[in-house]
Structure formats: structure tokens, C-alpha cells
Amino acid sequence: MSSIVIVGAQWGDEGKGKIVDVLTERADWVVRFQGGNNAGHTIVVDGVKTALSLLPSGILRPHVKCLLGAGVVMNPTVLLSEIDRVRAAGAEINPGRLVIDRDAHLVLDYHILVDKARELARGASKIGTTGRGIGPAYEDRSQRSGIRCADLLTPHRMRERVRAHVEEKNKLLKYVLESKAHVDFDQLWTQLEREAEILAPFVGNGSRLIFDALRRGEKVIFEGAQGVLLDQVHGTYPFVTSSSTIAGSATIGVGVGPKMIDSVLGIAKAYCTRVGEGPFPTEMLGELGDEVRQKGREFGTVTGRARRCGWFDVVAMKRAIRTSGIDSVILTKLDVLSGLPTLKLCTGYTRGDELVDDLPPSSEDYEGLEATYLEVPGWSEDISSVRTWDALPKTVHAFVETLTNLLECPVSFISVGPGREATIPVAPPQVVREFLA
Ligand code: IMP
């Protein structure tokens, strides 16, 4: 048995897709366990870029099987167009290679309309969602009325439930959210029936498949989406996503027990970014923020929105390490920091005379919160073509070593560019070494 959970250890966009792709050279399965097409994972192979939002990042490796687990919310229209796009790029996708768990819930047009209308109604206190209907789909799941992938197998049985949903959401849109948006049942149903027919052969029992695969000794990667700090419970609530993004969610979102997880890797950028609203104690405002955004190409894969950039936040990351049981960190995008004379690492916060040693619970608590920084020397060299740890400048070594000590967690790899080859081992744990063997 060999299984690794990969989570984003910040607010998403840490480069998980690339790392999953690198680690799948010898993997048998890559499994998504939460979120939906709010995620945007970019993989670069031989200079060719592929952006994925629903398909697991193993899809570009022909020998890897992929599962959209029960904890995922799946928009059938988006999945089908992504399958077409990835097939056009040469990948083979068939029901033997891609499985969609029967218990995963569907994201339908009305979820998207409600998501957008709710954001508008929130006005200045909007969350800055991706507008992909993710929150409303999870709401339906929680109130036990959602439409699931199993329903794609028997469309006639879900027809009246979908109609009831459409009627309910139309009322919600018109009378509560005061929106002009409206869903036409006939149109939605015609499309959904067609999509159900194409997707039905992909629907399977993910929990059983992964349990059996692990029992046979196969290698499984559980691929998280978003980041731990966007976790619905442990993140910067209410500026969070609607699913559980911590590593424990892998077992819930697939349906295997916690003892089946061997290792948790946390992916973090050498700085921080966040998209949408919400507290960000180390945010770089002004020119520096713009410079890092441009250099790091910090624009959303899914929405194209400019990401807010900030210094590395050790306090926030320690929360991620704790809540996800991260046993090793992969540090990405170090190349982006080249040329900055001094780098800052946030080691604590203060509010007036008070020391604050964890992310506060409410957004109001961030008023007056100041980050305290440790300053370390930067490096001027372009490190994007360096391929070994020894060939990196001493200042990069010192930066990584300082972070390792502050985080009290080893750094196993660093990444200095978007391609597979720009991933440098530092101290990979035994489980990962065996995984790659
Ligand atoms: P939602 O997931 O669309 O409901 O958006 C809720 C919050 O999570 C917003 O701040 C989004 O910008 C953020 N978010 C959702 N998915 C991602 C992601 O994949 N990367 C970064 N931020 C995300």
C-alpha cells in the first residue's frame, strides 16, 4: 500500500497540479476528493501548457487511472468540454481510465446563477467566489436534495427532482436574491439527458476501486484542490470555499479510512497569493505586489483574476501543517523571488501590544493586525534553469533552511519553474522515495 495526499498549504494556486504530475511517473491512480471546477491546475509538459479544472492531474500520463471522488462536485458540461480538450491534445480518456464516483454531486446551471446572484446581493461583503456554482451545489448536498452522478445512470428517475430544483431556484433568484436570472427547465433537461448518456459509462464505485487498489499495493495520489487556508471550517471563514480542503478530507471525499494514508505533502509558494476577498496579513501592496504578480504570472487559471500577492506567512502555514498533518513541504516558484534584495518571512502578528500567534477566527479580528517579519537576504541569480540543490546559490540554501526551521517541517522538494524538470529534490521522505522508485 502506498498513498500520498497532496494539499495546497496556503490559499490555493500553490502549484499542486505540477507536483502531482511529477509524482505520478510511477503512480497507479490520481484521485480528486473535493471541490469542483473552481480549481485550476496547470501542467507544462515539453513546453506545452494544459489547464485542468476537473480532471485529476494524472490524466496526462497514459498509465495513470483517474478518479473524481465522491466529495467532488462535478459540472457535466465543463467535464465534457475538458475531456474533449485534453483528448484533442493527445490524451486517451475512456471509462477504464477515468471514473466518476456515483456519489459525487452535480453542479447544474442553477447553482451557477445562484452563486453569482448571491455574490451580487452580498455587495461590499462579497466573498469573491469563482462563480462556478460550487457553494450552492454543496448546499444542496448538505440539505440532502442534491443530484448525484448515480442519477446519470437513471435519468428518468431524476427528471422530476431536477424540475423541482429549477422551480425552487427560480423562486430563490427572483424573490430572495432579486435577480433577473432564470433557468429554463426544458433547455436544462435536454442538455442534461444528452450529457448523462455520454457520462454514464464513466460512473463507478470510487471507494471500492481505491480500497482494492491500495490493498493490492498500488500507488495512489489524493490530489487536493484550493488550499488549506480556504477550508470551510479551518480556513479564514467566511472567506473560504465550500468544501473541506484539509488532508483529512481525502478519506471522506473518497471513502477510505484514515489508516490508508501514508504521507501528506503540503505545497506552498515561496511567497503567498490569494484570489478573491478575505484577510491577508502579509499582502504586498503597491509596486512590489505588481512586480511579483507579473513575474509569477499570478492570474487565475479559472477566472483570469489578478491574484493578490504577499510575503511568505509562517504562522498561517503552521496552521496548515497542523490541521492537515503535513509531514513534508514542497516549496514552489522560488525563481519568482530572484532579484529581490531582501525577502521577508512573517513569523508572528501583533495587534497593539498584543502578540497574536495564529490566524484570528473572525475577519473583524484582522483590524489593526500587523505582521512581524524576519528579513533574510535574497539572491540576484536567475535560478530557473538550475536542476540540482548543490548548484543553487548559497542564499537559496539559507532561505530554504530558515523556512525549514521556522516551520518545524522538512522541505522535500523545491520548484524553480513550471516544467516537470524544474523540480529539485532536497530531502524527500522515505514514502515519497518509495513512491517514485
Ligand atoms: P468558491 O470556491 O468559488 O466558492 O470561492 C470561494 C473562495 O475560494 C474565493 O475566494 C475563491 O477565489 C477561492 N478559490 C476557489 N477555488 C480556488 C482555487 O482553486 N485557487 C484559489 N482560490 C480559489
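Caption draft 1: Structural view of the overall build of the protein. Secondary structure assignment for the protein yields 12 helices and 20 strands. Here the protein has a C-alpha radius of gyration of 22 Å; the compact-globule value for 437 residues is 22 Å, and the two agree. When its C-alpha atoms are laid out on the principal axes, the protein stretches across 65 × 50 × 40 Å. Relative to its 437 residues, the protein shows a buried fraction of 57%. Put simply, of all contacts in the protein between residues at least 6 apart along the chain, 76% involve residues at least 24 apart. About 18,100 Å² of surface is accessible on the protein, with carbon and sulfur atoms providing 51% of the total. Each charge sign in the protein was given a centre, from 51 positive and 56 negative side chains, and these centres are 4 Å apart.

Caption draft 2: View of the environment of Asn75. Note that Asn75 resides in the loop between strand E6 (73-74) and helix H2 (76-88). Look at Asn75 and you get buried, because its relative accessible area is 4%. Along the sequence, Asn75 and Leu54 sit 21 residues apart, while their C-alpha atoms lie 8.6 Å from each other. Excluding its chain neighbours within four sequence positions, the residues that come into contact with Asn75 are Asn37, Leu54, Val107 and Ile112. Looking at Asn75, its side chain comes within polar contact range of the main-chain nitrogen of Thr77, at 3.0 Å. From its side chain, Asn75 meets the backbone nitrogen of Val78 in a polar contact 3.1 Å long.

Caption draft 3: Representation of the environment of Asp262. Summarising the element assignment, Asp262 is placed in the loop between helix H8 (249-254) and strand E11 (263-269). What makes Asp262 partly exposed here is its relative accessible area of 30%. With 258 residues separating them in the primary sequence, Asp262 and Ile4 have C-alpha atoms 5.9 Å apart. Among the polar contacts listed, one links the side chain of Asp262 to the backbone nitrogen of Ser3, at a separation of 2.9 Å.

Rules of the game
- Residues numbered from 1 in each chain as written.
- Predicted model: local features only at pLDDT ≥ 70, side-chain atom pairs only at ≥ 80, totals over all residues.
- Heavy atoms only, no water.
- Helix = DSSP H or I, 4+ residues; strand = E, 2+ residues; numbered from the N terminus.
- Rg over C-alpha atoms; globule rule 2.2 N^0.38 Å.
- Buried < 20%, exposed > 50% of the residue type's maximum accessible area, 1.4 Å probe, protein only.
- Contact = heavy atoms within 4.5 Å.
- Areas by Shrake-Rupley, 256 points an atom, 1.4 Å probe, with all protein chains shown as cover.
- Lys, Arg positive; Asp, Glu negative; His and termini not counted.
- Charge placed at Lys NZ, Arg CZ, Asp CG, Glu CD.
- Polar contact = N/O pair within 3.5 Å; in protein donor to acceptor, adjacent residues only side chain to side chain.

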